[in-house]
Amino acid sequence: MSDTILVIEDNPQNMYMMRFLLEKNGFIVIGAENGREGIDMALQCRPDAILLDIQLPEMDGYAVAAALKAHAELDAPIIAVTSYAMVGDREQILAAGATGYVEKPINPETFVAEIVQYMSMARDAQEKQK
């Protein structure tokens, strides 16, 4: 069975690229166009990882990450995929609950490997907690 990844991204071109790369590598991808929809889908589908844009309509990625972390039943790593690359941005999203951080524009050559690495790190951490 393939891992399922929820991508919360409002830009259609970015969504297309991430979906294409992930599906090409055997992942099942579900998408949400805003934070509220993403939270609902995460609770309903229980994905293996969540890729989260920060600059979203209605509810920014910081609020979405915090809301997702408030649900103890969700143990999927949250990986910020964002163009926010100023000093402190990485720390701010990690403090909000993200497990990892990938800068946009994504590098198609390394994107899937970065996601897999964060997923593996999260699984290792979960195993150590058991």
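Residues numbered from 1 in each chain as written. Predicted model: local features only at pLDDT ≥ 70, side-chain atom pairs only at ≥ 80, totals over all residues. Heavy atoms only, no water.

- An unreviewed UniProt entry annotates the protein as Response regulatory domain-containing protein of Desulfosarcina ovata subsp. sediminis.

## Re the UniProt feature "modified residue: 4-aspartylphosphate" (unreviewed entry) in the protein
And then number 1: The feature "modified residue: 4-aspartylphosphate" (unreviewed entry), as given by UniProt, occupies D53 in the numbering adopted here.
And then number 2: Note on placement: D53 falls in the loop between β3 (49-52) and α3 (61-69).
And then number 3: When residues no more than four places from it in sequence are discounted, the contact partners of D53 are I8, E9, D10, G61, V81, T82 and K104. (UniProt positions renumbered as here; feature names shortened; annotations may be inferred. Helix = DSSP H or I, 4+ residues; strand = E, 2+ residues; numbered from the N terminus. Contact = heavy atoms within 4.5 Å.)

## Observations concerning the side chain of E9
And then number 1: Relative to the assigned elements, E9 resides in the loop between β1 (4-8) and α1 (12-24).
And then number 2: The buried category is assigned to E9, whose relative accessible area is 2%.
And then number 3: Polar side-chain contacts of E9 include one of 2.6 Å to the side chain of K104.
And then number 4: E9 has contacts with N14, M15, M18, A32, E33, D53, L56 and K104, leaving out every residue within four places of it along the chain. (Buried < 20%, exposed > 50% of the residue type's maximum accessible area, 1.4 Å probe, protein only. Polar contact = N/O pair within 3.5 Å; in protein donor to acceptor, adjacent residues only side chain to side chain.)

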